[in-house]
Amino acid sequence: MGVGCSLGTGRRRGYVGDCAMGLGQRPLARTVDVTVASVARMYDFLLRGKDSYPADRAACERLAEAVPDLVSLVESQRAFSLAAVHRLATRHGVRQFLDFGCGLPSWVNTHQVAQQVDRASRVVYIDRDPMVVAHGRAMLEEQGRTAVVQGDLLDGGLFSNPRVSELIDFTRPVAVMMTSVLHCLVDDDRPVEAVRNLLDRLAGGSFLVLSQWVSEDAHLRDRVARIMYRSTAGAWGKVRTPAEVDRFFHGLVLEEPGLGDVSAVALTRRADTEASGLLEYGGVGRLQL
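Residues numbered from 1 in each chain as written. Predicted model: local features only at pLDDT ≥ 70, side-chain atom pairs only at ≥ 80, totals over all residues. Heavy atoms only, no water.

It is worth spelling out the pairing of strand β7 (residues 207-214) at this point. Counting buried residues along β7, eight of its eight residues qualify, which places the element largely inside the surrounding structure. Tracing the backbone out of strand β6 (residues 175-179), into helix α7 (residues 191-199) and back to the parallel element β7 gives a crossover that is right-handed. Relative to strand β10 (residues 279-286), β7 runs antiparallel, the two sharing eight bridges. Bridge pairing in β10 places serine 211 opposite glycine 282. (Buried < 20%, exposed > 50% of the residue type's maximum accessible area, 1.4 Å probe, protein only. Helix = DSSP H or I, 4+ residues; strand = E, 2+ residues; numbered from the N terminus. Right-handed = clockwise from strand over helix to strand, strands pointing away. Pairing = 2+ DSSP bridges.)

Structure follows, in structure tokens:
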């Protein structure tokens, strides 16, 4: 899926310009507060899903005032993510996928694309949001091929989780999906290091599919961050610059066409939509054998 943003540390944060300060760790949530906007439910609403609430829809309206091309931005990310899965499965023979911050189930999801290529493909969806996990387990899980796990990128127990180890053979290549999720992590969470630590545990020939919101406009970055921080009660991270996202791919071999606006790859950005200056930026990188 890869459209949610609920892989953050679960901290309450005090907003400080383009970043934020952690105010202490808390465990994974087990209940759902529908009076506060959820990024996963916001994405669901923007993708014309049915699992949003008034708080989520109001947050989308506020965000769309700053980002008039918000819907096409989300659609581009979605198309890029699914296209990457299909390409990795068909051209590179990848049969294992870890989908972080997967978000609520959509009409087409990672495992459906991968299993159209090879029915034996295995996918583990990972998300913090208990609503995402509950819906995912009800709609997506298939015995022996697909599982949904509550957790996040910063959770060191991922590799020892039996639901993960039952499906994923980490001695063989894995595609790690992190599309439109890392903007939910602040720099204090050390996301570059977290991604690198994960990749260091994977076999050579594994792939990273990563994208997040970026802008060269500092005012726009600040405005989007303020809206999202307030709407989600602090469950937000940072809109980065393209150069900051490039750091996640250090040492990886980039797949064509390299790093950039993913709408150019997905061919989804509508010409009649006013451009806001906010982009979904990223690409696909491969670990060397």
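Grouped together as the largest cluster of nonpolar side chains are 33 residues, with contacts concentrated most on Leu98, Phe100, Leu153, Met178, Leu182 and Leu208. Considering every element that reaches this core, the biggest residue donor is α7, with four residues. In this view, leucine 98 contacts Val124, Ile126, Leu158, Val164, Ile168, Phe170, Val174, Ala175, Val176 and Met177; residues no more than four positions away in its chain are not counted. In terms of nonpolar packing, the next biggest core, distinct from the first, is built from 24 residues, Leu63, Trp213, Leu220 and Trp236 among them. (Core = buried A, V, L, I, M, F, W, Y, C linked by side-chain atoms within 4.5 Å. Contact = heavy atoms within 4.5 Å.)

Following the sequence through the fold, serine 72 ends up in helix α3 (residues 70-91). A relative accessible area of 1% places serine 72 in the buried class. When the C-alpha atoms of serine 72 and leucine 47 are compared, they prove to be 9.5 Å apart, with 25 residues separating the residues in sequence.

The predicted model of the protein chain averages 84 in pLDDT, with 81% of residues at 70 or higher. Within the model, the stretch residues 6-27 combines pLDDT values under 50 with 69 contacts to residues more than four positions away or in other chains. (pLDDT = per-residue confidence, 0-100.)

So, about helix α2 (residues 54-66). Taking 1.5 Å of rise per residue, the 13 residues of α2 would be expected to cover 18 Å, and the 19 Å separating its terminal C-alpha atoms lies within 8% of that figure. All of the buried residues along α2 are Ala55, Asp56, Ala59, Cys60, Leu63 and Ala66. Buried residues along α2 cover an arc of 135° about the axis, so they all sit on one side. Opposite the packed face of α2, turned more than 90 degrees from it, sit the exposed residues Pro54, Glu61 and Glu65. On its buried face, α2 sits against α1 (39-46), α3, β7 and α8 (218-231). (Expected span 1.5 Å × (residues − 1). Arc of directions from axis to C-beta.)

Another point: the pattern of salt bridges. Once the charged atoms of two side chains with opposite charge are near each other, the side chains can pair. Overall, the coordinates contain 10 salt bridges when judged by the stated rule. Across the salt bridge formed by arginine 48 and glutamate 75, the nearest N and O atoms sit 3.1 Å from each other. Here glutamate 75 lies in helix α3 and arginine 48 lies in the loop between α1 and α2, a separation of 27 residues in the sequence. One salt bridge in this structure joins arginine 87 and glutamate 255, with 3.9 Å as the shortest N-O distance. In this pair, arginine 87 sits in helix α3 while glutamate 255 sits in the loop between β8 (253-254) and β9 (260-261), placing the two residues 168 residues apart along the sequence. Look at arginine 87 and you get partly exposed, because its relative accessible area is 28%. Here the residues in one salt-bridge network are Asp187, Lys238, Arg240 and Glu244, joined through shared partners. (Salt bridge = Lys/Arg side-chain N within 4 Å of Asp/Glu carboxyl O.)

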